[in-house]
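Architecture and fold: a report
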Amino acid sequence: MHGDPFWICSDHDDDCRKAIGSPLTVWVGYRPAQFRLLTGAPKTFSRTRGVLRTFCADCGTSIAYLDQGLPEELYVTIGFFDHPERFAPQAHAYWDMKLPWVEFRDDLPRVGRYSRRRDPAVGNPADR
C-alpha cells in the first residue's frame, strides 16, 4: 500500500462474516491505485452480485473487497497486514447485524448499515 488509508471500519454484516469466517472483520480502505500486490496472483470469488473478494491461492488468507457501488474504494482485510495494530477502526458498520454476544466498550460511531456513501444506481448488496 502507498500512503495512508482513508477509512478503517469494523464490519459486522453477515455477507462478510460468511466470506471471512469470523464474527466481524476490520476493513482498511485505500484507493485502488494505492494497492499493488508484490507476489502471487490472488483468487477471486463473489457471493453477491457486484462484489468481488480476493484471497491468497496458497494459504487462503482473505485479501480485499471490491464493490461496484464504491468504485474508487478498495478494502483490505485486517488479517492480511503484517502489522494490524497500526490500523485502529474509526467506526462500526452494519451495527444492526452485529452478533448479540460481541461486545464493544469503545465510543466509536455505530452505523446501522453501510458507513460509506454508495452509488445508488448499483444498489445495496443486501438487496441484490
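Residues numbered from 1 in each chain as written. Predicted model: local features only at pLDDT ≥ 70, side-chain atom pairs only at ≥ 80, totals over all residues. Heavy atoms only, no water.

Here's the deal with the side chain of Asp-13
What counts here: Numbering of helices and strands starts at the N terminus; helices are DSSP runs of H or I of at least 4 residues and strands are runs of E of at least 2. Throughout, exposure labels follow a simple rule: accessible area from a 1.4 Å probe, protein chains only, divided by the maximum for the residue type, with under 20% read as buried, over 50% as exposed, and the rest as partly exposed. Charge counting follows a simple rule: Lys and Arg are positive, Asp and Glu are negative, and His as well as the terminal groups are ignored. Salt bridges are identified by distance alone: a Lys or Arg side-chain nitrogen within 4 Å of an Asp or Glu carboxyl oxygen. Under the rule applied, a polar contact is a pair of N or O atoms within 3.5 Å (in protein, one hydrogen donor and one hydrogen acceptor; residues adjacent in sequence only if both atoms are side-chain atoms). Whether two residues are in contact is decided by their heavy atoms: any pair within 4.5 Å suffices.
Summarising the element assignment, Asp-13 is placed in the loop between β1 (7–11) and α1 (14–20). No salt bridge is formed by the buried Asp-13, whose closest oppositely charged neighbour, Arg-53, lies at an N-O distance of 5.1 Å. Polar side-chain contacts of Asp-13 include one of 3.1 Å to the backbone nitrogen of Asp-15. Here Cys-16 takes part through its backbone nitrogen, which lies 3.1 Å from a polar atom of the side chain of Asp-13. Aside from chain neighbours lying at most four places away, what touches Asp-13 is Tyr-94 and Met-97.

Here we look at the packing of aromatic side chains
Spelled out, the test is: Stacked, edge-to-face and tilted are the three classes for Phe, Tyr and Trp ring pairs, Trp counted by its six-membered ring, which pair at centre distances within 6.5 Å; planes under 30 degrees apart are stacked, over 60 edge-to-face, the rest tilted. Whether a charge sits over a ring depends on NZ of Lys or CZ of Arg being within 6 Å of the ring centre and within 35 degrees of the ring normal.
Tallied over the entire structure, the rule returns five aromatic pairs. Measuring from ring centre to ring centre gives 4.4 Å for Phe-81 and Phe-87, while their planes differ by 40°; the resulting arrangement is tilted. For Phe-81, a relative accessible area of 12% gives the class buried. Residue classification places Phe-87 among the buried residues on the basis of a relative accessible area of 7%. The ring of Phe-6 is capped by Arg-31, whose NZ or CZ atom sits 3.9 Å from the centre of that ring. Above the ring of Trp-95, the side-chain terminus of Lys-98 is found at 5.2 Å from the ring centroid.

Some words on the nonpolar core
Defined as follows: Among buried residues, the Ala, Val, Leu, Ile, Met, Phe, Trp, Tyr and Cys ones that are joined through side-chain atoms within 4.5 Å form a nonpolar core.
Counting residues in hydrophobic clusters, the biggest one holds twelve residues: Trp-7, Cys-9, Cys-16, Trp-27, Val-51, Tyr-65, Leu-70, Tyr-75, Ala-91, Ala-93, Tyr-94 and Tyr-114. Listing elements by their share of this core, those giving two or more residues are β1 and β7 (91–93). With eleven residues, the next largest nonpolar core counts Tyr-30, Ile-63, Val-76 and Phe-81 among its residues.

Looking at the side chain of Ser-10
Structurally, Ser-10 is set in strand β1. The exposure class assigned to Ser-10 is buried, which follows from its relative accessible area of 4%. Contacts of Ser-10, omitting those with residues within four sequence positions, involve Leu-24, Thr-25, Val-26, Pro-89, Ala-91, His-92 and Ala-93.

Considerations on the pairing of strand β6 (residues 74–77)
Rules: When DSSP finds two or more bridges between a pair of strands, those strands are recorded as paired.
Because side chains alternate across β6, one face comprises the buried residues Leu-74 and Val-76, and the other comprises Tyr-75 and Thr-77, equally buried. Pairing of strand β5 (residues 62–67) with β6, which is carried by three bridges, proceeds in the antiparallel orientation. What sits directly across from Ala-64, in β6, is Val-76.

As for the state of the cysteines
In protein chemistry, a disulfide is the covalent bond that joins the sulfur atoms of two cysteines. Definition in use: Cysteine sulfur pairs qualify as disulfides if the two atoms are within 2.5 Å.
For the structure on display, the rule yields zero disulfides. The structure places no disulfide on Cys-16, whose sulfur is separated from the nearest cysteine sulfur, that of Cys-9, by 10.0 Å. Classification of Cys-16 by relative accessible area gives buried; the value is 4%.

These figures capture arrangement, not role.
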